[in-house]
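Okay, here's what each chain looks like letter by letter:
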Amino acid sequence: MSGKGAPERAQIDGSDLDVVIVAGTWHDTITDGLIAGAQRTLEAAGATHHLVRVAGSFELPVVSKAALEAGADAVVALGVIIRGGTPHFDFVSSAATDGLTRVALDTGKPVGFGVLTLDDEQQGLDRAGLEGSKEDKGAEAADAALRTALTLRELRALRLADDEL
């Protein structure tokens, strides 16, 4: 975890965007930090946002898809998966990642990916945007969702402008 190479994040205007944060309930200290970072970023951009909690990271894709199909402009998916002694970690991590990718592609709407896959709890605390954390992955996921929603809107507007010519 270096954070090296991360882009500078200038303030953006998301005042006309409606975003749903979908967050798991496992490892609540880390998850609550991720949620707080996402909320700070969305509020700073002026975006309307709602929080929906789900059981765990495996459930993120289906609820994210439902939120987008219900009219949300973007979703910020937040979860924490910590490696254990069984292959369960690999299955859940893969299902969450593949599922969220599929949701974004199937709906044509952005999913900010804030699912932490960790070897231990300390790695999550270092990334959760808490006091003393080195990174704020919840804020980064929200920023990515906002920027992608605005980019997609621009591309759709270009297509409409071309169609009118």
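The text that follows walks through the structure, step by step, so that each part is easy to find. All residue numbers refer to positions counted from 1 along the written sequence of the respective chain. The predicted origin of the model limits local features to residues at a pLDDT of at least 70 and limits the giving and counting of side-chain atom pairs to 80 or more, whereas totals for whole chains, interfaces and linings rest on all residues. Side-chain descriptors were evaluated using all non-hydrogen atoms of the structure, hydrogens and water having been removed beforehand.

Further remarks concern the sheet that holds strand S4 (residues 111-118). Reading across from one edge, S2-S1-S3-S4 is the order of the 4 strands in this open sheet, with parallel pairing throughout. What marks the edges here is a single partner per strand, and that holds for strand S2 (48-53) and S4. Averaged over all neighbouring strand pairs, the angle between strand axes comes to 15 degrees, with direction disregarded. Note that strand S3 (residues 74-82) and S4 share 8 bridges and pair parallel. Looking at the pairing, Val-76 lines up with Gly-112 of S4. Contacts between residues were defined by any pair of non-hydrogen atoms, one from each residue, lying within 4.5 Å. Angles shown run from 0 to 180 degrees and are taken between the N-to-C directions of axes, each axis being a line fitted to C-alpha atoms and, for helices, limited to the stretch in contact. We count a stretch as a helix when DSSP gives it H or I for four or more residues in a row; a strand needs E for two or more, and each element gets its number in order from the N terminus. Packing of helix H2 (residues 60-69) onto the sheet brings it into contact with strand S1 (18-23), S2, S3 and S4, and relative to S3 it is tilted by some 170 degrees. Here, a strand pair is defined by DSSP locating no fewer than two bridges between the strands.

Each reported salt bridge corresponds to a side-chain nitrogen of Lys or Arg within 4 Å of a carboxyl oxygen of Asp or Glu. Under the definition given, this model contains 11 salt bridges. Here Lys-65 and Glu-69 are joined by a salt bridge, their closest N and O atoms 3.5 Å apart. Here Glu-69 and Lys-65 lie together in helix H2, a separation of 4 residues that amounts to about one turn. Here's how the labels work: a residue is buried when its accessible area is under 20% of the maximum for its type, exposed when over 50%, partly exposed in between, all with a 1.4 Å probe on protein chains only. Take Glu-69: its relative accessible area is 56%, and that puts it in the exposed class.

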